[in-house]
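Close look at the chain arrangement
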Amino acid sequence: MDFFTDTGVRVRSDSMSSSASQGSRSKVLLRQRLTQLLTCIEDMSSDDEASEEVSRTLDEAFQLCGRSVPSDAFRLHMVTWNVATAEPPEDVTSLLQLDVQPPTDLYVIGLQEVNSTPVRFISDLVVDDSWSHMFMDTLAPRGFIKVTSVRMQGLLLLVFAKQIHLPFIRNIQTTYTRTGIFGYWGNKGGVSMRFSFYGHTLCFLNCHLSAHMNYALERVDEFEHILETQDFDISDTPHVLDHEVVFCFGDLNFRIADHGLHFLRSSINSGRVNLLWGKDQLTMMKQKEAFLQEFEEGPLNFKPTYKFDRNSNTYDTSGKKRKPAWTDRILWRIKPQTPPSEDDDKAVISTDDGQDEFPILVTQDKYDSDMNYGISDHKPVIATFSVELRKCFDTLVVHVSPVGVWSADQDALLNYTVQEDFMSSTWDWIGLYKVGFKSACDYETFVWVREKELPETNELIQISVEKDDIPLLGGQYVLGYYSTNMQSIIGLSSNFQILESKRAVMEGLVPENMNGLNK
């Protein structure tokens, strides 16, 4: 497990690690095979027999080596921001690093103190809030789809993914925990979202913990309470900490203890924020609390993100003159692996341990604040990660495709085939989406899957789409199979062209073109 140094070396952790030992089960098995290899060389009397045994043992050892190296890397961009009831800014290019290379695969955005006055909150229940709209409008043209979102009063968590990844994000579930006013009010607490990504279980937890300098212990208790009480209706990962990788972030509200305001500001202004690390409450609490020690965090090489005068980079000049603090944080945890027992000496190379078979590596590439935004008294914090993994699967559960030419001048046909057994439902549906759609609900039209009986695996099923439901204007579209039980799109067609309908000209939606001239 590697950690950042002051010079900015990347932080890396992996699912082969445990909190107690740097060794992994695969490494233990590898050592066993090499030991067997030496024994073979010493004990075999026949050169042919020794050569055959050595070759076999080496093959197994190399398979173990290959097993511990993931084959695909994905870029995760995370944002946490206490927006202090402000409306979203016009431009979030800097916040989302839209033009960065390599391109992002997943965006995870956690906001705190989104405007949740009673009238505003009720209206947001009917339609998406202004922040969700802003992020969807920004990311959809770039091919990112909102996977899902969860909100509890001012807490909002959003996840976006590249369209190509959508069918491999499955079993999405969300939950929340109130900790305000003895657990009855949702101004404080946590909202979380879990899903499997190419078969690997991920969980994201956005928190807003108790404020004020003297409540460090309360913050720790709230954090632990949220982790222990949140649950999901998933058999192998019923709790947050059961997931392979957990990201916890938000306005955790930990302050910088003991130092006076003058020392704090002079350290910040002189660029010596490292002088403040030792008195950061979260850092100090990690030395005392075992469950916090399982979480990792990059170095706090950026200025404290609270509290600023709005629309400026000046720390609080009000009468309260609150001390600057790193209240806004992004932590992550790799599920510890149980150290191998003595019985593992007799283990064979094949294993049912998913963490051995399909390891996952997490490397933090960036951890910083963005000083470009002044609408809140907090500055947003950004973290980017490289998530390396070996895919547990890369085949679509359902294959769906259009049949023939599509236009609103005639009924159209589509085919779908279930390629892998899953818990299908007669409430599943297939949506027609315009390329650049924002979410699974942003369809032009949809059709229910076969209603009378569930399909057999590899059975080809054809469904008709009425012409009145097909867009009159032409364009690029895609078909998506939505699973009600998995709460996600599990099958996507290739992009295809819908032709402009003759009815569009008749109804005056487009000008009629005759001999190159508009009539």
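Every value quoted in this text rests on a predicted model; they were computed, and no experiment measured them.

1. What about the overall build of the chain?
A tally of regular secondary structure across the chain gives 11 helices and 23 strands. Expressed as a percentage of its 519 residues, the buried residues of the chain come to 51%. Pairs at least 24 residues apart make up 70% of the contacts formed inside the chain by residues separated by at least 6 positions. Surface accessibility of the chain: about 24,200 Å² in total, with carbon and sulfur atoms responsible for 50%.

2. Focus: the pattern of salt bridges
Summed over all chains, the structure comprises 11 salt bridges. We note a salt bridge from D99 to R142, for which the minimum N-O separation is 3.4 Å. Here D99, found in the loop between α3 (93–96) and β3 (106–112), pairs with R142, found in the loop between α5 (130–139) and β4 (144–152); they are 43 residues apart in sequence, far enough to count as distant. Residue D99 is classed as exposed on the basis of its relative accessible area, which comes to 60%. What emerges from the salt-bridge pattern is a single network uniting D280, E297 and R329.

3. Notes on the side chain of T305
Structurally, T305 can be placed in the loop between α9 (290–293) and β10 (328–334). When its relative accessible area of 1% is taken as the criterion, T305 is described as buried.

4. As for the nonpolar core
Ranked by internal contacts, the top residues of the largest apolar core, which has 58 residues, are L76, M78, F195, F197, F204, F247 and F385. For this core, the element with the highest residue contribution is strand β12 (residues 381–389), accounting for five residues. The next biggest cluster of nonpolar side chains, apart from the first, holds 27 residues, and it includes L479, Y481, I490 and F496.

5. Some remarks on the sheet that holds strand β5 (residues 155–162)
With mixed pairing, seven strands are arranged side by side in an open sheet as β1-β11-β12-β2-β3-β5-β4. In this open sheet, the two edge strands, each paired with only one partner strand, are β1 (11–14) and β4. Here the strands of the sheet are splayed against their neighbours by 15° on average, with no regard to which way each runs. Note that β4 and β5 share eight bridges and pair antiparallel. Bridge pairing in β5 places S149 opposite L158. The sheet strands contacting α5 are β2 (72–82), β3, β4 and β5, and the helix crosses β5 at an angle near 15°.

6. Re the confidence of the model for the chain
The pLDDT averaged across the chain works out to 86; a share of 78% of its residues lies at or above 70. Below pLDDT 50 for its whole length, residues 344–353 participates in 20 contacts with residues either more than four positions away or in separate chains.

7. Quick look at α5
For α5, the full list of buried residues reads W131, S132, M134, F135, M136 and L139. Buried positions along α5 lie against β2, α3, β3, β4 and β5. Here α5 starts with a cap whose side-chain oxygen sits 3.0 Å from the backbone nitrogen of W131, and that cap is D129.

8. Describing the pairing of β10
For a regular strand, side chains alternate in direction, first toward one face of the sheet and then toward the other. Taken across its seven residues, β10 has seven buried, putting it largely inside the fold. Of the two faces of β10, the one lined by D328, I330, W332 and I334 and the one lined by R329, L331 and R333 are each fully buried. Relative to β10, strand β9 (residues 245–251) is paired through seven bridges, and the arrangement is antiparallel. Note on β10: the bridge partner recorded for F247 is W332.

9. Considerations on the sheet that holds strand β18 (residues 460–465)
With respect to topology, three strands assemble into an open sheet ordered β13-β15-β18, the strand pairing being antiparallel. The open sheet is flanked by β13 (398–403) and β18, the only strands paired with a single partner. When strand polarity is set aside, the average angle formed by the axes of neighbouring strands in this sheet is 25°. Note: strand β15 (residues 412–418) against β18, six bridges, orientation antiparallel. The partner of L413 across the bridge, within β18, is S464.

Cut-offs and rules
- Residues numbered from 1 in each chain as written.
- Predicted model: local features only at pLDDT ≥ 70, side-chain atom pairs only at ≥ 80, totals over all residues.
- Heavy atoms only, no water.
- Helix = DSSP H or I, 4+ residues; strand = E, 2+ residues; numbered from the N terminus.
- Buried < 20%, exposed > 50% of the residue type's maximum accessible area, 1.4 Å probe, protein only.
- Contact = heavy atoms within 4.5 Å.
- Areas by Shrake-Rupley, 256 points an atom, 1.4 Å probe, with all protein chains shown as cover.
- Salt bridge = Lys/Arg side-chain N within 4 Å of Asp/Glu carboxyl O.
- Core = buried A, V, L, I, M, F, W, Y, C linked by side-chain atoms within 4.5 Å.
- Pairing = 2+ DSSP bridges.
- Axes fitted to C-alpha atoms, helices over the stretch in contact; angles between N-to-C directions.
- pLDDT = per-residue confidence, 0-100.
- Polar contact = N/O pair within 3.5 Å; in protein donor to acceptor, adjacent residues only side chain to side chain.

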